[in-house]
Amino acid sequence: MSIAPSGPLAALKAAADSFVADYQARKTTLPGDSHVRAESAALLAANGLPGPREEAWRYTALRPFAEAQFKPTAKAEPSAALLARLPHVEATRLVFVDGRFHSELSGVPAGFRVTTGEPAYGTLARPAAEKLVALNTMLAEDGAAIHVPANTDAGTVLLASLATGAAVGFHPRHHIVLEPGAQLTLLDVTIGDGEYLHNPVLTFEVAAGATVTHLRTQDEGAGAFHLSTVYAEVAEGGTYDSFALILGAKLARMEVHARLAGPNAAAHLNAAQLLGASQHADFTTIVRHDAPNTASRQTVKNVLTGRSRGVFQGKIEVARVAQKTDGYQMNQALLLSANAEMDSKPQLEIYADDVKCSHGATVGALDADQLFYLRSRGVPEAEARAILVRAFLSEALDPISHEGARAAMEAAIAAWWAKGGRVQT
Amino acid sequence: MPAVAETLDTVQAATEGGYKWGFSTDIEMEMAPKGLNEDIIRLISARKNEPQWLLDWRLAAYAVWLKMTEPEWAMLNHPPIDYQDLHYYAAPKKKPGPKSLDEVDPELLRTYEKLGIPLRERAILAGVEGADGAPADGDRPQVAMDAVFDSVSVATTFKSTLAKAGVIFCPISEAVQEHPELVRKYLGSVVPTNDNYFAALNSAVFTDGSFVYIPKGVRCPMELSTYFRINARNTGQFERTLIIAEEASYVSYLEGCTAPQRDENQLHAAVVELVAFDDAQIKYSTVQNWYPGDAEGKGGIYNFVTKRGHCRGARSKISWTQVETGSAITWKYPSCVLQGDDSVGEFYSVALTNNYQQADTGTKMIHIGKRTKSTIVSKGISAGHSNNTYRGLVRIDRRADGARNFTQCDSLLIGDQCGAHTVPYIESRNPTAKLEHEATTSKIAEDQLFYCRQRGLSQEDAVGLIVNGFCKDVLKELPMEFAVEAQKLLAISLEGSVG
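About the cut-offs
Residues numbered from 1 in each chain as written. Chains lettered and ligands numbered in written order. Predicted model: local features only at pLDDT ≥ 70, side-chain atom pairs only at ≥ 80, totals over all residues. Heavy atoms only, no water. Helix = DSSP H or I, 4+ residues; strand = E, 2+ residues; numbered from the N terminus. Buried < 20%, exposed > 50% of the residue type's maximum accessible area, 1.4 Å probe, protein only. Contact = heavy atoms within 4.5 Å. Areas by Shrake-Rupley, 256 points an atom, 1.4 Å probe, with all protein chains shown as cover. Buried area = accessible area lost by both parts, 1.4 Å probe. Salt bridge = Lys/Arg side-chain N within 4 Å of Asp/Glu carboxyl O. Polar contact = N/O pair within 3.5 Å; in protein donor to acceptor, adjacent residues only side chain to side chain. Nonpolar A, V, L, I, M, F, W, Y, C, P; charged D, E, K, R; others polar. Pairing = 2+ DSSP bridges. 1 Å grid on protein atoms, 1.4 Å probe; cavity = no way out; pocket = protein on both sides within 12 Å on 5 of 7 lines; lining within 4 Å. Points joined across faces, edges and corners; volume = space filled by probe spheres on them. Phe/Tyr/Trp six-rings, centres within 6.5 Å; stacked < 30°, edge-to-face > 60°. Axes fitted to C-alpha atoms, helices over the stretch in contact; angles between N-to-C directions. Parallel < 35°, antiparallel > 145°, perpendicular 65-115°, else oblique. Left-handed = near helix turned anticlockwise from the far one by under 90°.

### What about the overall build of chain A?
If you tally the helices and strands in chain A, you get eight helices and 22 strands. Per-residue burial for chain A yields a buried fraction of 58% across its 425 residues. Here the contacts in chain A between residues at least 6 apart in sequence split such that 85% fall between residues at least 24 apart. Split by element, the accessible area of chain A, about 15300 Å² in all, is 54% carbon and sulfur.

Rendered as structure tokens:
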């Protein structure tokens with residue numbers, strides 16, 4: 001790792017330039033649409049990386065990431081220990097190692113189509129608006145294009161990203177299409193060891209009456225940077241139902257753009273961020289209601305210990321045509337240590353009058369009365385705290401109906417708590 | 001045609017130009033030439049006979065302002081403001097004190113009459129000699145008043161009564177002459193000259209405003225009130241208010257504003273600074289009714305205001321209550337810096353926008369001291385083609401053990417062409433602090449309307465009633481007379497928007 005010139009802006013500029021230089025050197029060998037790639041390279045060269053003055057980035061500084069240097073991916077094999085961390089569920093496996101599709105570790109889809117070997121760009125992403133998406137588009141080398149035909153239940157797909165831990169950067173690009181009436185449960189698990197950059201972009205096209213359940217576990221290595229962007233476009237009567245468990249990485253930013261484009265479309269964007277040490281994690285959502293009778297639900301819980309910093313930015317936009325919108329958003333944080341910090345920005349932007357939109361946010365410590373109640377009934381302090389934290393998270397976890405995924409997440413939460421979540425320094 | 005649309009049309013036709021404070025007064029004015037430069041600032045300072053330090057302070061602020069750019073983060077749209085196309089100083093020409101009301105410029109008196117200021121106070125405001133000492137009429141609650149006409153304070157009432165209690169209430173230009181040590185000590189200590197673009201501009205060119213000093217242990221014997229009026233064409237109003245409440249003192253201060261109806265936009269950029277020491281309380285209430293522009297969005301005041309209070313002492317309390325119905329553009333965030341342990345900040349706000357009005361308003365509560373508490377209650381009502389944004393910050397410092405915040409933001413939309421937005425920032429760095437934020441957006445429920453209509457209320461009255469109910473949590477914080485006025489104002493401002 002080398003250090004770029006000082007000053008946050010200089011560091012960001014240098015990092016963007018080095019990514020563009022990497023692209024220039026390798027562009028003839030990169031697979032897929034070279035035109036789309038070149039456009040994004042021009043955008044990145046002109047606009048750079050998100051800086052501290054940008055409203056959408058006011059709580060998350062990319063400077064530490066800009067100061068690290070990442071090599072392009074080299075082919076590597078995951079350790080047995082890493083493979084063992086994958087959830088034990090019955091699913092069609094699509095495994096990517098350091099951003100590259102690994103066919104030996106992956107399964108064969110039945111009843112739906114998967115294409116790999118080049119970035120699955122799709123048409124929903126906006127590299128001009130989101131700078132990290134421009135970075136992804138420019139350097140993407142692989143990804144999964146998942147296509148579920150009409151009225152087909154594709155069952156459960158495990159989309160796993162394993163990082164072996166060399167100082168590499170990878171930018172996978174996945175595109176998921178559900179034809180009308182189709183169904184898919186996507187377990188999106190990103191794990192790894194060490195220091196690396198993982199900058200995936202996932203786009204979901206959910207056609208009329210289709211339902212995608214997107215269950216994410218981000219448990220990247222302790223020195224990793226996880227910067228992901230999701231776009232979901234939901235047609236009439238369709239549902240994008242998601243939950244994200246955020247545990248890992250040194251610096252994480254998960255950005256989700258959900259657009260409810262047809263009447264009766266719905267989106268659920270639930271998340272739990274469990275952070276310790278000096279971790280920084282940012283969960284940012286933008287839900288756009290663009291049709292009448294659409295509904296969105298968001299429950300985001302944060303448990304912060306050590307010197308960690310949790311960020312939640314959630315925006316609900318209601319267009320003039322989107323009458324009868326029902327939008328709900330709840331963001332809650334538990335600060336379990338003296339040096340943890342929570343920054344929350346729930347936003348409503350409403351242009352239709354016949355709507356029901358609300359948001360709530362709370363920040364505080366564990367309730368002393370509740371602790372006392374448990375202690376007075378003989379529950380040891382540490383256990384009482386664990387019970388209360390688990391209860392705090394349940395509102396976000398309860399909607400997960402996939403039993404295997406849920407069990408894996410419960411286990412990950414228990415492991416987090418045992419490993420250090422309860423150490424409140 | 002549905003009943004709703006029908007009412008909307010008839011009402012709209014009947015109430016074009018419903019702004020009843022839209023008159024202008026023909027008074028002989030003394031004006032500085034248009035434009036802003038160091039010479040104009042020197043002229044303002046010389047007209048006010050200011051000491052050198054204040055001129056230097058203004059010039060320094062001007063130098064800072066030149067380097068700043070207008071903020072763009074608010075959800076507001078307006079054509080660029082030409083700061084060189086304004087008069088920065090306009091004052092009614094003063095003749096030697098008239099002996100009775102008969103000698104006062106009748107135009108000035110008519111203005112006060114239209115504004116609803118009581119006759120005896122009108123005499124004082126017009127500068128009739130000897131009017132100040134007269135006893136108050138009966139049991140009517142006493143309110144001391146300072147009137148600021150364009151750029152200068154024209155008169156202050158009840159001065160002698162206040163002086164007996166040790167309270168200083170006078171135009172800030174007078175305070176500069178009479179109490180320079182106090183002004184110098186506190187001016188810019190809450191809102192520094194480089195705080196923001198409009199505060200810097202105000203610091204450079206402010207012409208008048210009110211100054212209040214409440215000594216230790218004194219409960220101000222009456223409500224203090226300042227009445228602001230922009231009258232002259234092409235002027236900007238830049239008033240500066242400074243209120244200091246010493247230990248264990250109390251003051252309630254009211255502020256009202258109106259402006260004539262004109263086609264062009266006028267600029268208003270005020271700064272208000274409050275300082276509260278140990279156990280002191282300041283209650284600051286505003287009914288802002290600057291001309292909002294016509295139904296097509298033409299004209300109206302651009303209102304860019306910086307208001308901030310410092311709770312410097314332990315157990316001090318600053319409470320902001322505002323009813324914002326006027327202005328084409330409102331950019332205003334009355335804030336509290338809660339420095340003293342156990343200090344309390346409150347913000348109660350009703351912001352109503354109609355036609356093409358735009359409001360981006362809210363508060364900042366900065367918790368520094370231990371066990372500091374803040375309450376935010378904001379009610380936004382959008383009608384017509386207007387946009388109404390609540391923008392607020394609650395920040396809990398690492399040292400603020402046991403801090404507490406409660407925030408409630410509700411928006412009401414009337415009609416399908418308006419917008420209501422909520423942009424709260426919640427930042428906590430202390431695990432013992434407890435923060436709660438809640439926001440809702442809704443429209444007037446059909447069943448509520450039906451209930452009122454069925455009992456014989458007109459559509460308009462029903463909406464007025466429901467809106468007043470929606471705002472009740474805020475209106476009850478206003479002093480009684482102000483609350484009555486505010487309720488009427490809400491109804492008038494909603495005219496033509498019922499749906």
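Resuming the write-up.
### Looking at the interface of chain A and chain B
Listed per partner, the contact involves 35 residues of chain A and 32 residues of chain B. Across the chain A/chain B interface, buried area totals approximately 2700 Å², and carbon plus sulfur atoms make up 47% of it. Of all residues in chain A, the largest losses of buried area upon contact with chain B belong to Arg320(A), Asp353(A) and Val363(A), amounting jointly to 20% of the total for that side. Close ionic contact of Glu341(A) with Arg429(B) constitutes a salt bridge, the shortest N to O distance being 3.0 Å. On the surface where chain A and chain B come into contact, there are 18 residue pairs in polar contact (both at pLDDT 80 or more). At the level of elements, β21 (341-350) and β22 (356-364) of chain A are the ones that each hand at least two residues to the side of chain A that touches chain B. Per element, the largest residue contribution to the side of chain A that touches chain B is 10 residues, and it comes from β21(A). The residue inventory of the side of chain A that touches chain B, partitioned by class, reads 15 nonpolar, 10 polar and 10 charged. Pairing between β22(A) and strand β23 (residues 434-443) of chain B: seven bridges, direction antiparallel. Each bridged residue has a counterpart across the sheet, and for Cys357(A) the counterpart in β23(B) is Thr441(B).

### Remarks on empty space enclosed by the protein
Residue and element names in this part refer to chain A. In this structure the tally under the stated criterion is 10 cavities of 30 Å³ or more. What the second largest cavity holds in volume is close to 140 Å³. Ser 161, His 174, Asp 188, Thr 190 and His 198 are, among the 19 residues lining the second largest cavity, the residues nearest its centre. Of all the elements in the fold, those that place two or more residues in the lining of the second largest cavity are β6 (153-163), β9 (183-192), β12 (211-219) and β13 (225-234).

### Details of the packing of aromatic side chains
Residues and elements named next belong to chain B. Taken as a whole and judged by the stated rule, the model has 26 aromatic pairs over all chains. A ring pair is formed by Tyr 197 and Phe 198, whose centres lie 5.3 Å apart and whose planes are at 90 degrees; its orientation type is edge-to-face. Taking relative accessible area as the criterion, Phe 198 reaches 1% and is therefore assigned buried. Aromatic side chains Phe 198 and Trp 331 sit 5.2 Å apart centroid to centroid with 65 degrees between the ring planes, which places their arrangement in the edge-to-face category. Taken together, the positions of Phe 198 in helix α9 (residues 197-205) and Trp 331 in strand β15 (residues 329-332) put the pair 133 residues apart, joining distant regions of the chain.

### Here we look at the packing of helix α10 (residues 446-454) of chain B against helix α11 (residues 459-470) of chain B
Residue and element names in this part refer to chain B. For the pair α10 and α11, the least separation of the axes is 9 Å and the interaxial angle reads 125 degrees. Between α10 and α11, the angle falls in the class oblique. Considering only the axes of α10 and α11, their crossing is right-handed. Mapping the contact onto sequence places Gln 448, Leu 449, Cys 452 and Arg 453 in α10 and Gln 459, Ala 462, Val 463, Leu 465 and Ile 466 in α11. For the contact of α10 with α11, the residue count by class is six nonpolar, two polar and one charged.

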